[in-house]
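Spelled out, the chains give:
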Amino acid sequence: MTTTEIKTNNRATTTAPTARLNFAKTAPKVFRAVIGLDAAAREGLDPTLVELVQIRSSHLNNCAYCLHMHTTDARKAGESEERLHMVAVWQEATHFFTEKEQAALALTDAVTRVADAGVPDAVYGRAAAHFDEEELARLLALILTINTWNRIALATSKRAGTDER
């Protein structure tokens, strides 16, 4: 196993190993199951909201691979550069997002950082006020799925910009 050295601001930093398993090929049944969960979670949700949630979770998890993929997908779907830049600071830039999007982003933050404080009742209640039970269940599944994808990409050292879809 080798590592890659990158110079940043005149400092050398070592990145993760470059040779790791191909999860899709090594565990195809598991990979297909996650794809199935992802597809089921998205069903009936606004595609713009789906991308915002996936971008936010990828920010929080420092997953460059997924962040690149979902910002690219959002741009293709017509999302503005302005809103894409504001997802990382959505709580300070609420005027860029609808109340429903803000509720989804707050739930994304809580579920992604569940070890910090669980999912507070106020955050859950805010989401429940904007989504019916079926939508809320799919939103929750979407958040769980992107967190799974983030962890797969990070654990297998996927490189941003190499999306194989």
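Because the structure is a prediction, the values reported are computed rather than measured. Numbers given for residues are sequential positions, taken from 1 along each chain in its written order. Whole-chain, interface and lining totals are the exception, using all residues; otherwise, since this is a predicted model, local features are given only for residues with pLDDT of at least 70 and side-chain atom pairs are given and counted only at 80 or more. Only heavy atoms go into the side-chain values, all of them from the structure, while hydrogens and water stay out.

**A short note on the side chain of Asp 109**
The condition is simple: Put simply, DSSP H or I for four residues or longer makes a helix, DSSP E for two residues or longer makes a strand, and each gets a number counted from the N terminus. Pairs of N or O atoms within 3.5 Å make up the polar contacts considered here, provided that, within protein, one atom can donate a hydrogen while the other can accept it, and that residues adjacent in sequence are counted only when both atoms are side-chain atoms. Throughout, a residue-residue contact means that at least one pair of heavy atoms, one from each residue, lies within 4.5 Å.
On the secondary structure map, Asp 109 appears in helix H6 (residues 99-112). At 3.1 Å, the side chain of Asp 109 and the side chain of Trp 90 are in polar contact. Those residues in contact with Asp 109, other than ones at most four positions away along the chain, are Arg 56, Leu 60, Trp 90 and Gln 91.

**With respect to the pattern of salt bridges**
Oppositely charged side chains can form a pair if their charged atoms are brought close together. We count it as follows: Any carboxyl oxygen of Asp or Glu within 4 Å of a side-chain nitrogen of Lys or Arg constitutes a salt bridge here.
A full pass over the atoms with the stated rule returns seven salt bridges. Residues Asp 109 and Arg 56 are paired through a salt bridge, measuring 2.7 Å at the closest nitrogen-oxygen approach. Here Asp 109 is found in helix H6, whereas its partner Arg 56 is found in helix H3 (residues 47-60), with 53 residues between them in sequence. In this structure, a network of salt bridges that share partners links the residues Glu 79, Arg 83 and Glu 101.

**A short note on helix H4 (residues 64-76)**
Rules: By this rule the span expected of a helix is its residue count minus one, scaled by 1.5 Å. For every residue, the accessible area (1.4 Å probe, protein chains only) is compared with the maximum for its type, and the residue is labelled buried under 20%, exposed over 50%, or partly exposed between those bounds.
The end-to-end C-alpha distance of H4 is 18 Å, a good match for the 18 Å that 13 residues give at a rise of 1.5 Å each. Residues of H4 that are buried include every one of Tyr 65, Cys 66, Met 69, His 70, Thr 71, Asp 73 and Ala 74, and no others. In this fold, the buried residues of H4 make contact with helix H2 (28-42), H3, helix H5 (81-86) and helix H9 (133-155). Directly beyond the C-terminal end of H4, a positive phi value near 100 degrees is found at Gly 78.

**What about a nonpolar patch on the surface?**
This is how the line gets drawn: Within this analysis, patches are made of residues with over 30% relative accessible area and no salt bridge. Like charges are joined at 9 Å or less; nonpolar side chains (Val, Leu, Ile, Met, Phe, Trp, Tyr) at 5 Å or less. Per-residue and other accessible areas were derived by the Shrake-Rupley procedure at a 1.4 Å probe size, with only the shown protein chains allowed to occlude residues.
A contiguous nonpolar patch, built from Val 114, Val 119 and Tyr 124 and spanning about 250 Å² of accessible area, is present on the exposed surface. For Val 119, the position within the fold is in the loop between helix H7 (114-117) and helix H8 (121-130). In this structure Val 119 comes out as partly exposed when scored by relative accessible area, which is 32%.

**Some thoughts on H3**
A rise of 1.5 Å per residue sets the reference length of H3, with its 14 residues, at 20 Å; its end C-alpha atoms lie 20 Å apart and thus fit the reference within 8%. In terms of burial, H3 is a largely internal element, eleven of the 14 residues being buried. Residues Leu 49, Val 50, Glu 51, Leu 52, Val 53, Gln 54, Ile 55, Arg 56, Ser 57, Ser 58 and Leu 60 constitute the buried set of H3. At its buried positions, H3 is contacted by H2, H4, H5, H6 and H9.

**Considerations on empty space enclosed by the protein**
To be explicit about the condition: With a 1 Å grid spanning the protein atoms alone, the term cavity applies to any set of points in which a 1.4 Å probe fits but cannot get out, the term pocket to an open set with protein on both sides within 12 Å along at least five of seven lines, and the term lining residue to any residue with an atom within 4 Å of a point. Grid points are joined across faces, edges and corners, and a volume is the space filled by probe spheres set on the points. Residue polarity is assigned by list, with Asp, Glu, Lys and Arg as charged and Ala, Val, Leu, Ile, Met, Phe, Trp, Tyr, Cys and Pro as nonpolar; anything else, Gly included, falls into the polar class.
Across all of its chains, the model carries one cavity of 30 Å³ or more by this definition. Counted as a void, the largest cavity has a volume near 40 Å³. Looking at the largest cavity, the residues that line it are Pro 47, Thr 48, Glu 51, Leu 52, Ala 74, Ala 77 and Glu 79. For the lining of the largest cavity, the element with the most residues is H3, which contributes four residues. Counted by class, the lining of the largest cavity contains four nonpolar, one polar and two charged residues.

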